[in-house]
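Given next are the chains, with one letter for each unit.
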Amino acid sequence: MPRKTYIAAIQAALAEELRHDPSVILIGEDVRIGVFAGTRGLHAEFGDARIIDTPISELGVAGAGIGAAATGLRPVVDLMFGTFLYLAFDQIANQAAAMRYMFGGQTKVPVTFMVQNGGGIGAGPHHSQAVHPFFMHLPLIKVVMPSTPYDVKGLLKAAIRDDNPVIFLNHLSLGGQRGDVPDDEYLIPLGKADIKRAGRDVTIVCAGLMVHHALKAATKLAAQGIEAEVIDLRTLKPWDEETVLASVARTGRCVVVDESYPVCGGASEWAACISEKAWDHLTAPVQRVSSAHVPIPFSPVLEKMVIPQPANIVAAVHRVVAQPEPERI
Amino acid sequence: METDKLLDIYTRILRIRRFEEEVGKLFAQGQLPGFVHLYIGEEAVGAGVCAALRDDDYIVSTHRGHGHVLAKGGDMNRMMAELFGKRDGYCKGKGGSMHIADFSIGMLGACGIVGGGIPVAVGAALSAKTRGADQVAVTFFGDGAANEGSFHESLNLASALKLPVIFVCENNQYGEFTPATSAMNIKDIALRAQGYGIPGVIVDGTDAIAMYDAAQEAVARARRGEGPTLIEAKTHRRGGHAEGEDAFLAGQQYLLPEERDAMRRNDPLLKLHDYIVERKLVALETLEMLDQEIGQAVADAVAFARASEEPDETILFADRWA
């Protein structure tokens, strides 16, 4: 199977969908040049009409994507960084997420907003936040956060074909990751998690960069005789409760890891749901691992202290595994 | 102008006026939930502009949107039912006064966020251009929205991409209760067009014929692929910002007596009525009959809305994922 980088997998997904459906267009700042290379080379094949460079006007461009989606196109809006979605928030929250419902089903809004989310490369406070909880909170908008080259291709293609608005969060620090990516067409359904490592002792729920940190933690834990199951949610909304709850029913212990903040963050949502629905299976309280509640600092030393690292995940697993088994009657 | 066209515009204005008068009454009687912002005084803008559009052209509206829906040919029954929050309303009772849409006539939605609809119209124009269709998109908005970032980003974006958009600013001289004169340091919003390299036109927004003419020119330019136009319609809102606003104002006055006089003198319905009658273009009896017909249609719409059932839980959870 061909090996590709995460970025090359994004390129492949976009090119395939642009070929597959003439209503797909790509709009955003610098999409011709492709600053992060995900959109590079597409202009040569698809031209001005479909690969559209725009001014730096996130709100206006997001709204244009929404208006175009409501009138027959299937736009991919590239807004570069997760934090830039804040500039477009009104259009996403008040229009994209609301239009279909508030107009009584008269329209659909098949728009994909694509950004680099999260930190880890010393990009500083304005380019490093993991912004997904803001969008998980909104109704009727899907949120996707892939962790591997294989997943990013299949999920991006599925996101573009989805008839709902999708926030598609590539990870800033995963662009160079290599992995097997088939040249053949494949789609990964939104809303389906993937068990990236099977294990019997504890379930680790995560997505994006945190999947890689969790896998590293799992290797360390295995050396200590603890077998962790690592579940990559892939889609954060709607998320695959079924796969997670089934795993927790087997392991009885759960650590949720998310790069966003601890207050109303991704981990908060998953932990609450697991505690509510898997209570009878849990032998220890669900542990959350989130970023520290500060802006993401520039210093690589400080940034590492803020964003969850494998060691933080190992420590959280120790907290749940240290709990004694309840006495069986 | 041909008499048929004139009568068409007059009919659009009259439909809006009679509908809005009834809505005002119903609201005062406490029969409508939420807020309503009436279009009375501004009818010539929506009517004049929409008379210059084709059925498949797009419009995007504002919180003061009833007039735009009717001007584009919207159905009174479904509108009234929506204002009552009933299941036979345009949005099954989930949108209400500020979020009515009728996609079947290119009406892409009213909008409760000031300036929120402007980028959506730019997107509709982008869609038309990309599909190779010669449709145009009109976005109506107020003087208040001209101070939102979405206005400026959209004018620039539409100009840079040469999109077929007509930006229609209904300058009714107040953003909620704050006079435009204290919210901006220029008298004419049309001036802002220059900053984006597009034509900016000032029109008497109480003159339906002038509105139609200005819109026709902007629409023709857009269809030729020459890009957007900003039309500033100088107009006024007869009923203030929102019905029942006295409750918010607690006795405070914000309109000057001379402003009230000017509004009465410049009633767009009476102006067009007098124009038609003075020139004997249409018999007075015909106009009166038209008024009666529209009055009956409004009464029928209220009856339709009252007879419609309340929405239920099925409707609550319908129309979520596509």
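Predicted model only: the values in this text are computed from it and were never measured.

### With respect to the pattern of salt bridges
Any two side chains of opposite charge can pair, on the condition that their charged atoms come close. Counted according to the given criterion, the structure contains 44 salt bridges over all chains. In this structure, the salt-bridge partner of Glu-21 of chain B is Arg-18 of chain B, at a minimum N-O distance of 3.0 Å. Of this pair, Glu-21 of chain B and Arg-18 of chain B both sit in helix α1 (residues 3-28), three residues apart, which is roughly one turn of that helix. Arg-54 of chain B serves as the salt-bridge partner of Asp-134 of chain B, at 2.6 Å between the closest nitrogen and oxygen. Placement of the pair is Asp-134 of chain B in the loop between α5 (118-131) and β2 (137-142) and Arg-54 of chain B in the loop between α2 (43-50) and β1 (58-60), with a sequence separation of 80 residues. Among the residues examined, Asp-134 of chain B registers a relative accessible area of 39% and is labelled partly exposed. Residue class for Arg-54 of chain B comes out partly exposed when judged on its relative accessible area of 30%. Through salt bridges with shared partners, a single ionic network connects Glu-16, Glu-17, Lys-153, Lys-157, Arg-161 and Glu-185 of chain A.

### Brief notes about the packing of aromatic side chains
Under the definition given, this model contains ten aromatic pairs over all chains. Ring centres 5.3 Å apart and planes at 75° place the aromatic pair Tyr-174 of chain B and Tyr-254 of chain B in the edge-to-face group. Of this pair, Tyr-174 of chain B sits in strand β4 (residues 174-175) while Tyr-254 of chain B sits in the loop between α9 (246-249) and α10 (257-265); the two residues are 80 residues apart in sequence, bridging distant segments of the chain. Owing to a relative accessible area of 8%, Tyr-174 of chain B belongs among the buried residues under this scheme. What links up through ring pairs into an aromatic cluster is the set Tyr-86, Phe-89, Phe-134 and Phe-135 of chain A. When the ring centre of Trp-321 of chain B is taken as origin, the NZ or CZ atom of Lys-142 of chain A, which lies over that ring, is 5.4 Å away. Its end group placed over the ring of Tyr-101 of chain A, Lys-94 of chain B keeps NZ or CZ at 4.1 Å from the ring centre.

### What to know about the domain arrangement of chain A
All names here are of chain A. The assigned domain composition of chain A is domain 1 (3-180) and domain 2 (194-321). Taking only C-alpha atoms, the centre of domain 1 and the centre of domain 2 are 26 Å apart. Contact between domain 1 and domain 2 buries roughly 2100 Å² in total, counting both sides, with carbon and sulfur atoms accounting for 59%. Per-residue buried area on domain 1 facing domain 2 is highest for Met-136, Met-145 and Ser-147; these three make up 25% of the total on that side. Across the pair Asp-151 and Lys-196 runs a salt bridge whose closest N-O atoms are separated by 2.7 Å. Counting across the domain 1 and domain 2 interface gives 15 residue pairs in polar contact (both at pLDDT 80 or more). Of all the elements in the fold, those that place two or more residues in the side of domain 1 that touches domain 2 are α6 (132-137), β6 (142-144) and α7 (149-161). A total of four residues in the side of domain 1 that touches domain 2 trace back to one element, the largest contributor, which is α6. Looking at side-chain class alone, the side of domain 1 that touches domain 2 contains 16 nonpolar, 13 polar and two charged residues.

### Examining the interface of chain A and chain B
Taken together, the contact pairs 40 residues of chain A with 39 residues of chain B. Of all residues in chain A, Thr-71, Tyr-101 and Gln-106 of chain A give up the largest surface area on contact with chain B, accounting jointly for 21% of the area buried on that side. At the boundary of chain A with chain B, the tally comes to zero salt bridges. Across the chain A-chain B interface, the total number found is 15 residue pairs in polar contact (both at pLDDT 80 or more). Elements represented by at least two residues in the side of chain A that touches chain B include exactly β2 (24-28), β3 (51-53), α3 (58-69), α4 (89-96) and α5 (99-102) of chain A.

### Details of the sheet that holds strand β3 (residues 165-171) of chain B
Consider a sheet: its strands pair through backbone hydrogen bonds, and that pairing is either parallel or antiparallel. Residue and element names in this part refer to chain B. Ordered by their spatial adjacency, five strands build an open sheet running β1-β2-β3-β7-β6, and the pairing between neighbours is parallel. On the outer flanks of this sheet lie β1 and β6 (200-204), each paired with one strand and no other. The sheet shows a mean angle of 20° between the axes of neighbouring strands, taken without regard to direction. Relative to strand β7 (residues 229-234), β6 runs parallel, the two being bridged by five bridges. The partner of Asp-204 across the bridge, within β7, is Lys-234.

### Here's the deal with the environment of Thr-54 of chain A
Locating Thr-54 of chain A in the fold gives a position in the loop between β3 and α3. Thr-54 of chain A sits in the buried class, given a relative accessible area of 11%. Note: C-alpha distance between Thr-54 of chain A and Glu-241 of chain A (187 residues apart in sequence) is 39 Å. Setting aside residues no more than four positions away along its own chain, Thr-54 of chain A makes contact with Ile-27, Gly-28, Glu-29 and Val-61 of chain A together with Leu-157 of chain B.

About the criteria used
- Residues numbered from 1 in each chain as written.
- Chains lettered and ligands numbered in written order.
- Predicted model: local features only at pLDDT ≥ 70, side-chain atom pairs only at ≥ 80, totals over all residues.
- Heavy atoms only, no water.
- Salt bridge = Lys/Arg side-chain N within 4 Å of Asp/Glu carboxyl O.
- Helix = DSSP H or I, 4+ residues; strand = E, 2+ residues; numbered from the N terminus.
- Buried < 20%, exposed > 50% of the residue type's maximum accessible area, 1.4 Å probe, protein only.
- Phe/Tyr/Trp six-rings, centres within 6.5 Å; stacked < 30°, edge-to-face > 60°.
- Lys NZ or Arg CZ within 6 Å of the ring centre and 35° of its normal.
- Domains from an automatic or database assignment.
- Buried area = accessible area lost by both parts, 1.4 Å probe.
- Polar contact = N/O pair within 3.5 Å; in protein donor to acceptor, adjacent residues only side chain to side chain.
- Nonpolar A, V, L, I, M, F, W, Y, C, P; charged D, E, K, R; others polar.
- Contact = heavy atoms within 4.5 Å.
- Pairing = 2+ DSSP bridges.
- Axes fitted to C-alpha atoms, helices over the stretch in contact; angles between N-to-C directions.

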